[in-house]
Amino acid sequence: MPRINLMGVRKSYGGGGPNAVEALDLEIADGEFMCLLGPSGCGKTTTLRMIAGLEHLSDGEIRVGARVVDSVGEGVFVPPEKRQMGLVFQSYALWPHLTIERNTDFGLRLRNVPRAEREARVTRVMKTLGIEAYRDRYPSQLSGGQQQRVALARMLAVNPEVLLLDEPLSNLDAALRLEMRAELKRLHREFGTTIVFVTHDQWEAMTLATTIAVMSQGRLQQVGSPNEIYDRPANRFVAQFVGNPPINMIDLAAGTPLAVSARRFLGERSPDAGAVGLRPEAIRLGGEAGDFAGPAEVTGVLPTGGSWIVELESDGAKLFLTTHQPPEVGPGERVRFAVRPEALHVFDRDGSRSAVADAAFAHGRMN
């Protein structure tokens, strides 16, 4: 499978507004499962459509392997049907008057694939996706999850070099989404297809992707593995967008007692610090010497099934911690919260991650 490179890609719809995508440099490796993650309007679907050839670039270049498929500078544009890519939309887009088998082999028929090969491919992919028993039914006779499998089967049958998925699970209920995530992971392992998956759901991205590209306002914020995105967010936006419950962010310019305490804890080793983030699972009750700690009052205990969320108030600031053990505290109790220094996420005033603070934590030099 080919490597995809986006170089200096920009997309503008005119009208004097901001660009939908701005100065995007992104490499999608051979066989990678890449998730484009971000809020609505961040440019992720536009990026997918440019890779597919459904949108023309305003500037920049896209290469698939050694082949230029779109370049403003060179005046090259390869149409979608010649890019060897499969595209699955949020809508299943199945032909209602065709059986499941005919929906699945639709692309193969357009390519004039011989009947024996066509039947073999369709049978294989339908077996893989568990829909062979429905081959003589019509889309209206299937559930949403089954219809989504048919849409995937139709794309996989033509053996695309790249599979592009635009929020394909958003129309499914929670149970079916979980089932289809597992199905997509298995398909990626089995077929080895390069997959680009657009989603605004951080849990989809974290559970599916080998690599996540986080976008905001048309710009790429960070690229990394799910663990890298979560454990070392490149800036405040990434830290606050990824995580549930969201990260507790202390604005050091706020002047609150908690902000003053955090500033004092950081000392002079991080003079440009503008904010400190505390992941809910990193907060403990009690603590040890050397921790960032402070007094708090428990204002709520929220069970979520396999874990609990404890709401704290520290000098007027709200903090949320999570625990997998039943908390031995209740509303109104006074406690002391604590976070190990290496679990703090420090961001400079411009919102970027503080390399100075990270280096200090790594060498155990924080006071």
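Residues numbered from 1 in each chain as written. Predicted model: local features only at pLDDT ≥ 70, side-chain atom pairs only at ≥ 80, totals over all residues. Heavy atoms only, no water.

Caption draft 1: How the structure looks around the overall build of the chain. The helix and strand inventory of the chain stands at eleven helices and 19 strands. Partitioning the contacts of the chain with sequence separation of at least 6, the portion at a separation of at least 24 is 65%. About 16,800 Å² of surface is accessible on the chain, with carbon and sulfur atoms providing 49% of the total. The averaged location of the 44 negative side-chain charges in the chain is 4 Å from the averaged location of its 41 positive side-chain charges. (Helix = DSSP H or I, 4+ residues; strand = E, 2+ residues; numbered from the N terminus. Contact = heavy atoms within 4.5 Å. Areas by Shrake-Rupley, 256 points an atom, 1.4 Å probe, with all protein chains shown as cover. Lys, Arg positive; Asp, Glu negative; His and termini not counted. Charge placed at Lys NZ, Arg CZ, Asp CG, Glu CD.)

Caption draft 2: The arrangement of the sheet that holds strand β8 (residues 162–166) in detail. In spatial order, the strands read β7-β8-β9-β3-β10-β11; together these six strands make up an open sheet with mixed pairing. Sheet topology places β7 (85–88) and β11 (219–224) at the edges, where each strand pairs with a single neighbour. In this sheet, adjacent strand axes meet at a mean angle of 15° when their direction is disregarded. Of the strand pairs in this sheet, β7 and β8 are connected by four bridges, and their pairing is parallel. Counterpart to Leu87 in the pairing with β8 is Leu164. Against the sheet, helix α5 (residues 144–157) touches β7 and β8, its axis set at about 170° to β7. (Pairing = 2+ DSSP bridges. Axes fitted to C-alpha atoms, helices over the stretch in contact; angles between N-to-C directions.)

Caption draft 3: Geometry of unusual backbone geometry. Asn244 connects to Pro245 through a cis peptide bond whose omega is 0°. Relative to the helices and strands, Pro245 resides in the loop between α9 (236–241) and β12 (248–251). Of note in this structure, Ala23 is not a glycine but carries a positive phi near 50°. Along the chain, the position of Ala23 falls in strand β2 (residues 21–28). One non-glycine residue, Asn112, lies in positive phi territory at about 60°.

Caption draft 4: Up close: the sheet that holds strand β6 (residues 76–77). Across the sheet, which stays open at both edges, the five strands sit in the order β2-β1-β4-β5-β6 with antiparallel pairing between neighbours. In this open sheet, the two strands that pair with only one neighbour each are β2 and β6. On the sheet, helix α1 (residues 44–52) packs against β1 (4–11), β2 and β4 (59–64) and is oriented at approximately 120° with respect to β1.

Caption draft 5: A look at the packing of aromatic side chains. Overall, the coordinates contain five aromatic pairs when judged by the stated rule. Centroid distance Phe265 to Phe292: 5.5 Å. Interplanar angle 55°. Geometry classified as tilted. Here Phe292 lies in strand β15 (residues 292–303) and Phe265 lies in helix α10 (residues 257–266), a separation of 27 residues in the sequence. Aromatic side chains Phe292 and Phe337 sit 6.0 Å apart centroid to centroid with 75° between the ring planes, which places their arrangement in the edge-to-face category. You can see Phe292 sitting in strand β15 and its partner Phe337 sitting in strand β18 (residues 334–339), a full 45 residues away along the chain. Per residue, the accessibility class of Phe292 equals that of Phe337, and both read buried. (Phe/Tyr/Trp six-rings, centres within 6.5 Å; stacked < 30°, edge-to-face > 60°. Buried < 20%, exposed > 50% of the residue type's maximum accessible area, 1.4 Å probe, protein only.)

Caption draft 6: Focus on the packing of α5 against helix α6 (residues 174–191). At a minimum axis distance of 11 Å, the contact between α5 and α6 shows a crossing angle of 20°. Judged by the inter-axis angle, α5 sits roughly parallel to α6. For the element pair α5 and α6, the recorded crossing hand is right-handed. Contact with α5, carried on its side by Gly145, Gln148, Arg149, Leu152 and Leu156, involves Leu176, Glu179, Met180, Glu183, Leu184, Leu187 and Phe191 of α6 and no other residues of that element. Partitioning the contact of α5 with α6 into residue classes produces seven nonpolar, two polar and three charged. (Parallel < 35°, antiparallel > 145°, perpendicular 65-115°, else oblique. Left-handed = near helix turned anticlockwise from the far one by under 90°. Nonpolar A, V, L, I, M, F, W, Y, C, P; charged D, E, K, R; others polar.)

Caption draft 7: Fine view of α10. Regarding α10, the residues found buried are Leu258, Ala259, Ala262, Phe265 and Leu266. For α10, the angular spread of buried residues about the axis comes to 120°, placing them on one side. (Arc of directions from axis to C-beta.)

Caption draft 8: Geometry of the pairing of β4. By the bridge criterion, five bridges tie β1 to β4 in an arrangement that is antiparallel. Paired with Asn5 across the strands is Arg63, a residue of β4. Examined bridge by bridge, β4 and strand β5 (residues 67–71) share four bridges and lie antiparallel to one another. The partner of Val64 across the bridge, within β5, is Arg67. Here β4 hands over to β5 after two residues, with Gly65 in that stretch at a positive phi of 65°.

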